[in-house]
Amino acid sequence: MASDSHTWNLVFLQLLLEELGHRVTNLGACVPDELLVSECRRIEPDLIVLSSVNGHGYHDGLRVIQALRACPELAATPTVIGGKLGIAGSGDPDRQRSLLAAGYDGVFEEGRSVADFRSFVGALPAAAPRGLSADRALPADRALPAAARTLPTATASGVLR
């Protein structure tokens, strides 16, 4: 996210996603919202993963998800956020509910098991052929198990494709 200059979390998540068999485009630290949206439109990812370790993830995340969901090509793309989302500690259920209501498919706060994030990624629908946006769209309920959408968990990073 734009305000977060930390990179080790991004490297860790890239390696984790690659270990799970996915190709990852890691956009790096301090990514402006406009660049994130334009790269996601270009790449057409199957999952967008945002990470924060500076404690500003909640506020940055609310702004970023609005930009992503406003883009018709990305409106149904599964998107998660994680890491240190606030400065008052992790596990705030109101913060988590707010991020989910804003449009995130998963919220994975610091201090939780990486296994939860692995389960979430494993529950994603198989990738559809490129260029068939109607086939890629998730149903209104996001088609992910409720447990995968709501479990607090590990941090998150770049773009899965």
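Here the structure is a predicted model, which is why all the values come from computation and not from measurement.

**Observations regarding the overall build of the chain**
Then, number 1: Along the chain, the regular secondary structure elements total 7 helices and 5 strands.
Then, number 2: Listing the helices and strands of the chain from first to last along the sequence gives α-β-α-β-α-β-α-β-α-α-α-β.
Then, number 3: Here the chain holds 161 residues, and 45% of them are scored as buried.
Then, number 4: Residue pairs in contact within the chain that sit at least 24 positions apart in sequence constitute 79% of those at least 6 positions apart.
Then, number 5: Total accessible area on the chain stands at roughly 7500 Å², and carbon and sulfur atoms take up 56% of it.

**A look at the confidence of the model for the chain**
Then, number 1: When pLDDT is averaged along the chain, the result is 79, and 77% of the positions lie at 70 or above.
Then, number 2: Of all helices and strands in the chain, the one with the weakest mean pLDDT is helix H7 (residues 146–150) (32), whereas helix H2 (residues 33–43) scores best (96).
Then, number 3: With pLDDT under 50 throughout, residues 128–158 is counted as low confidence; its partners more than four residues away or in other chains account for 94 contacts.

**Observations concerning the nonpolar core**
Then, number 1: Counting residues in hydrophobic clusters, the biggest one holds 18 residues, and the most contacted among them are Leu36, Leu50, Leu68, Ile81, Leu99 and Tyr104.
Then, number 2: Broken down by element, the residue count for this core peaks at 4 residues, all from helix H3 (residues 57–69).
Then, number 3: Once you skip the residues sitting within four places of it in the chain, leucine 36 turns out to touch Leu27, Val31, Leu50, Val64 and Leu68.

**Structural notes on a nonpolar patch on the surface**
Then, number 1: Side chains of Trp8, Val11 and Leu15 sit close together on the surface and give an oily, nonpolar patch of about 370 Å² of accessible area.
Then, number 2: Mapped onto the elements of the fold, tryptophan 8 is located in helix H1 (residues 8–19).
Then, number 3: On the basis of relative accessibility, which here comes to 71%, the residue tryptophan 8 falls in the exposed class.

**Section: the packing of aromatic side chains**
Then, number 1: Within this structure, the stated rule accounts for 2 aromatic pairs.
Then, number 2: For the ring pair phenylalanine 108 and phenylalanine 117, a centre distance of 5.3 Å and an interplane angle of 85 degrees mean the geometry is edge-to-face. One exposure class covers both phenylalanine 108 and phenylalanine 117, and it is buried.
Then, number 3: With a centroid separation of 5.2 Å and 75 degrees between ring planes, the pair formed by phenylalanine 108 and phenylalanine 120 is classed as edge-to-face. With phenylalanine 108 in strand E4 (residues 106–109) and phenylalanine 120 in helix H5 (residues 114–122), this residue pair connects regions lying 12 residues apart in the sequence. Across the pair, phenylalanine 120 and phenylalanine 108 agree in class, each one buried.
Then, number 4: Each residue in the set Phe108, Phe117 and Phe120 is aromatic and connected to the rest through ring pairs, giving one cluster.

**Describing helix H4 (residues 93–102)**
Then, number 1: Those residues of H4 lying buried are Arg95, Gln96 and Leu99. With its buried residues spanning 100 degrees around the axis, H4 presents them on a single face. Of the residues in H4, the exposed ones pointing more than 90 degrees away from the buried face are Asp94 and Ala101.

The rules behind these values
Residues numbered from 1 in each chain as written. Predicted model: local features only at pLDDT ≥ 70, side-chain atom pairs only at ≥ 80, totals over all residues. Heavy atoms only, no water. Helix = DSSP H or I, 4+ residues; strand = E, 2+ residues; numbered from the N terminus. Buried < 20%, exposed > 50% of the residue type's maximum accessible area, 1.4 Å probe, protein only. Contact = heavy atoms within 4.5 Å. Areas by Shrake-Rupley, 256 points an atom, 1.4 Å probe, with all protein chains shown as cover. pLDDT = per-residue confidence, 0-100. Core = buried A, V, L, I, M, F, W, Y, C linked by side-chain atoms within 4.5 Å. Patch = residues over 30% accessible without salt bridge, like charges linked within 9 Å, V, L, I, M, F, W, Y side chains within 5 Å. Salt bridge = Lys/Arg side-chain N within 4 Å of Asp/Glu carboxyl O. Phe/Tyr/Trp six-rings, centres within 6.5 Å; stacked < 30°, edge-to-face > 60°. Arc of directions from axis to C-beta.

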